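Coordinate inspection notes
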Amino acid sequence: MNVPLDRQSFFDTVQHSLFKGSLTPAQIEGMNAILDYWNANLATADRRWLAYILATAFHETAYTMQPVRETLATSDSRAVEILETAFASGRLSWVKSPYWRADEDGKCWLGRGLVQLTHKRNYEAMSEVTGIDLVAHPDRAMEMAPAVTILIEGMLRGSFNSHRLCDHLNEEREDWVNARRIVNGTDRAEKLADYAQTFLAAISMEQCGLST
């Protein structure tokens, strides 16, 4: 059985190894929300999964650990403007159909959350997981509770790219780099691997009573 995480010691460790020496209340809130969900639903699961979940949120939110819009814009309209400019200039060459443009119902399916949830089909799928109608209310993916559920359950179930945490981190395999395929191919895969292993080191130190 896993030893309960000493959160204060964990925060003391990661603030130096990942957050440049200090943590904001918002960063602590975001990590606490992830840890609360983990403790309530996955307390005996592989803690490497928790480390990679935290690393994903760390990267996808630009280190804020708060749900964000794609491009970090403060409004949908500004996010769309930024994406349109990038698309027109050829900086989004992998995008075949601009998913951020409003559909016939005026809804915009740009990325939102602790992991960037895009495309209507993914909002539909995560509506079933969260129990919230995200198709009717896509901005609710910006709320902490559903954002945490989307992040964790999506990575566990392979909801984003069919890859699951257990495919890359299991008893026979520990592939931190290819774990990035769970969310976004191999984009920044090495960087995410480093973040995840740093989070795991902090988790493992506290498990073993080795806080600094």
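Let me sum up the structure you'll find in this document. (Residues numbered from 1 in each chain as written. Predicted model: local features only at pLDDT ≥ 70, side-chain atom pairs only at ≥ 80, totals over all residues. Heavy atoms only, no water.)

**Some words on the overall build of the chain**
Threshold: Helical segments are the DSSP runs of H or I of at least four residues, strand segments are the runs of E of at least two, and each set is numbered from the N terminus. For the radius of gyration, the atom set is restricted to C-alpha positions; the globular benchmark scales as 2.2 Å times the number of residues to the power 0.38. Remark: exposure states derive from per-residue accessible area (1.4 Å probe, protein chains only) relative to the maximum for the residue type, with buried under 20%, exposed over 50%, and partly exposed in between. In this analysis, two residues are considered to be in contact whenever any of their non-hydrogen atoms come within 4.5 Å of each other. Accessible surface is estimated by sampling points in the Shrake-Rupley manner with a 1.4 Å probe; for residues, cover comes only from the protein chains shown.
Summing up its helical and strand segments, the chain has nine helices and two strands in all. What you see in the chain, going N to C, is helices and strands ordered as α-α-α-β-α-β-α-α-α-α-α. Whereas a compact globule of 212 residues would reach a radius of gyration of roughly 17 Å, the chain reaches 17 Å, a difference of no more than 12%. Principal-axis analysis of the C-alpha atoms gives the chain an extent of 55 × 35 × 30 Å. Of all 212 residues assigned to the chain, the portion counted as buried reaches 48%. Within the chain, contacts between residues separated by at least 24 positions form 58% of all contacts whose residues are at least 6 apart in sequence. If you sum the accessible surface of the chain, you get close to 10400 Å²; carbon and sulfur atoms cover 49% of it.

**Some thoughts on the pattern of salt bridges**
For clarity, the cut-off: Salt bridges are identified by distance alone: a Lys or Arg side-chain nitrogen within 4 Å of an Asp or Glu carboxyl oxygen.
In total, this model carries 15 salt bridges according to the counting rule given. Linking Asp139 and Arg112 is a salt bridge whose minimum nitrogen-to-oxygen distance equals 3.1 Å. Taken together, the positions of Asp139 in the loop between helix H5 (120-130) and helix H6 (144-157) and Arg112 in strand S2 (residues 112-113) put the pair 27 residues apart, joining distant regions of the chain. On the accessibility criterion, Asp139 (38% relative accessible area) is partly exposed. Here Arg188 ties to Asp187 by a salt bridge, and the two come within 3.0 Å at their closest N and O atoms. Judged by relative accessible area, Arg188 falls into the partly exposed class, the value being 48%. You can call Asp187 partly exposed: its relative accessible area is 31%. Three or more residues joined by partner-sharing salt bridges are found here, namely Glu60, Arg180, Asp187 and Arg188.

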